[in-house]
Amino acid sequence: ETGPVGIVVDASPFYPEQGGQVNDTGSLEATGASINVGNAQIYGGYILHTGTVSSGTLKVGDEVTCAVDYDRRALIAPNHTMTHVFNHALRDVLCGSVEEWEAMGGLCDQKGSLVDSEKMRFDFSWNGPVSPDKLSAIEQKVNTMIESEFPVYNLTVGLEDAQKIYSLRSVFGEQYPDPVRVVAVGNSVEDMKADPTNKLWASGSIEFCGGTHLTNTKEAEKFVILEEAGIAKGVRRVVAVTRNRAKEVAAMGITMKEKCAALSVLPDSELAGNLKEFQKELEAATIGTVDKTAIKEDVQALIKRQNKYAKQLEKEAQAKFIEAAKEQAGQAKEAKQEVVLMRVDFGTDNKLSQGILKAATKVHKASYILFSATDDGNRFGVYSTTTGERDAVSWVSAAVKPAGDCKVNGKGANANCMVIRKNDKLEDCMAAAEAYTP
């Protein structure tokens, strides 16, 4: 055979996909033949190895050597063991004692899991998002278990005896074999079997499990939660990593915290541009959810500071525009002008134009037409407030006529118009406004 094949052997060290853990991969080696095994599943009580023939021919009855990719399995084991430790820490932090958890009636129960060489994923029942403080406490509890270097025990026990062990965690509705394999972190299964009701067993993780595990928690090295989110009503999902990946993520978290701290000491005038770039970098960075939440809180404080500075600049600029208009109004008063044309380039903020015209009118009561161009040169605004019989709408309409068809808003003594992409006509419009006669 040269295509996909399925092979059953009388005994196999390959771990088939089950209990949330992905299958082993590797190869089957025979005299003159080799099969790359990419999948292993249980069918009818047998392990079916599926893959492709890389060389030679294999037939029924041939003797093979099973070569599991133990390097890959070694990456899966810490994620599986830490799934158990996480499950234990989750209950402790969210629920408290075993009795308190039982009284919650189905909350904080495992609803699914996935363990592979990259990560662990754990689904559980809960009534809302887990707070950053709780996630931090859970993460710290798992890392404390790692640093404490607790041994990991496993023992096959009769199902009835195993179910009597105090604080044992099992998946609701799951059918377990009899006897069943018990995996415990920190406490001996032999001791539990001898004294099943001892409440000391609640200090460590105890679960039914047939998967591959570490021999000691220290082998996991580091644990970091990447995300926590809802996936269905009443069901939350946590994704986490261990070992080198966790160390990399933690190191990136430290780097991003340092960068955020550096932003906080920048002068206000330099903050805006640097903060925007940092926010993009933060969103793209793979860091723990606890660190990311803390950094985002610091970013929000920086955004508030930035907005306050921007408002201060805006206020100062508006004051300058108003002063410029008042100066022109003062000159018109001295000249005893009843009709005043002004140019103050503040953009096209209609509200600000009203403030400018109001300030000018307080200095000198007259009919005003105000022109203002934007810094980018793409548009300009025309604003008018009038006294006596002069109609502001007619005046503005006459003023913008050189720019072509432009919509004039307002009525009676107040009018305005925005002229887009025709700033080359601004001087002509000002001349038309000056020449206008009611």
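Residues numbered from 1 in each chain as written. Predicted model: local features only at pLDDT ≥ 70, side-chain atom pairs only at ≥ 80, totals over all residues. Heavy atoms only, no water.

Colleague: Mind laying out the packing of aromatic side chains, listing which residues take part and the relevant values?
Modeller: Applying the stated rule across the entire model yields 6 aromatic pairs. Between phenylalanine 86 and phenylalanine 122 the ring centres are 5.5 Å apart and the planes differ by 70°, which places this aromatic pair in the edge-to-face class. Pair noted here: phenylalanine 86 is in helix α1 (residues 70-95) and phenylalanine 122 is in strand β7 (residues 120-125), with a separation of 36 residues, a long-range link. In this pair, the class of phenylalanine 86 matches that of phenylalanine 122, namely buried. (Phe/Tyr/Trp six-rings, centres within 6.5 Å; stacked < 30°, edge-to-face > 60°. Helix = DSSP H or I, 4+ residues; strand = E, 2+ residues; numbered from the N terminus. Buried < 20%, exposed > 50% of the residue type's maximum accessible area, 1.4 Å probe, protein only.)

Colleague: Describe the layout of surface pockets, and please don't skip the residues or the numbers.
Modeller: Empty space among the atoms becomes visible once a probe the size of a water molecule is rolled across them. Estimates place the volume of the largest pocket at around 580 Å³. Looking at the largest pocket, it is lined by 31 residues, and the ones nearest its centre are Gly19, Glu174, Tyr176, Phe208 and Cys209. In terms of residue class, the lining of the largest pocket is built from 10 nonpolar, 15 polar and 6 charged. Its volume calculated, the second largest pocket comes out at about 300 Å³. Sort the elements by how many residues they give to the lining of the second largest pocket and strand β1 (residues 4-7) lands first, with 3 residues. Counted by class, the lining of the second largest pocket contains 9 nonpolar, 3 polar and 5 charged residues. (1 Å grid on protein atoms, 1.4 Å probe; cavity = no way out; pocket = protein on both sides within 12 Å on 5 of 7 lines; lining within 4 Å. Points joined across faces, edges and corners; volume = space filled by probe spheres on them. Nonpolar A, V, L, I, M, F, W, Y, C, P; charged D, E, K, R; others polar.)

Colleague: Mind laying out the pairing of strand β4 (residues 46-55), listing which residues take part and the relevant values?
Modeller: Within a regular strand, the side chains alternate between the two sheet faces. In this sheet, β4 lies alongside β1 in antiparallel orientation, the contact comprising 4 bridges. Among the inter-strand pairings, valine 5 is bridged to a residue of β4, identified as glycine 51. Across 9 bridges, strand β3 (residues 33-43) lies against β4 in antiparallel orientation. Bridge pairing in β4 places isoleucine 42 opposite isoleucine 47. Following β3, the chain reverses through 2 residues before pairing antiparallel with β4; glycine 44 in that reversal takes a positive phi of roughly 60°. (Pairing = 2+ DSSP bridges.)

Colleague: Outline the environment of glutamate 147, listing residues and values.
Modeller: In this structure, glutamate 147 sits in helix α3 (residues 132-147). A relative accessible area of 57% means that glutamate 147 is categorised as exposed.

Colleague: Talk me through the sheet that holds strand β17 (residues 414-420); I want residue IDs and the actual numbers.
Modeller: For sheets, the rule is that strands pair by backbone hydrogen bonds, running either parallel or antiparallel. One open sheet holds the 5 strands; their spatial order is β13-β14-β15-β17-β16, and the pairing between them is mixed. Since the sheet does not close on itself, it has two edges, and those belong to β13 (339-343) and β16 (408-411), each with one partner. Taking the axes of each pair of neighbouring strands and ignoring which way they run, one obtains an average angle of 10° across the sheet. Bridge count for strand β14 (residues 367-373) against strand β15 (residues 379-385) is 6 bridges, and the pairing is antiparallel. Bridging across to β15, serine 372 finds its partner in glycine 381. (Axes fitted to C-alpha atoms, helices over the stretch in contact; angles between N-to-C directions.)

Colleague: Tell me about the pattern of salt bridges, and please be specific about residues and values.
Modeller: Where charged atoms of side chains with opposite charge meet at close range, the side chains can pair. Enumeration according to the criterion identifies 18 salt bridges in this entry. Where aspartate 24 meets arginine 73, a salt bridge forms, and the shortest distance between an N and an O atom there is 2.4 Å. Here arginine 73 lies in helix α1 and aspartate 24 lies in the loop between β1 and β2 (26-30), a separation of 49 residues in the sequence. The exposure class of aspartate 24 is buried, given its relative accessible area of 1%. Between aspartate 123 and arginine 237 there is a salt bridge whose closest N-O contact spans 2.7 Å. Here aspartate 123, found in strand β7, pairs with arginine 237, found in strand β12 (residues 235-242); they are 114 residues apart in sequence, far enough to count as distant. (Salt bridge = Lys/Arg side-chain N within 4 Å of Asp/Glu carboxyl O.)

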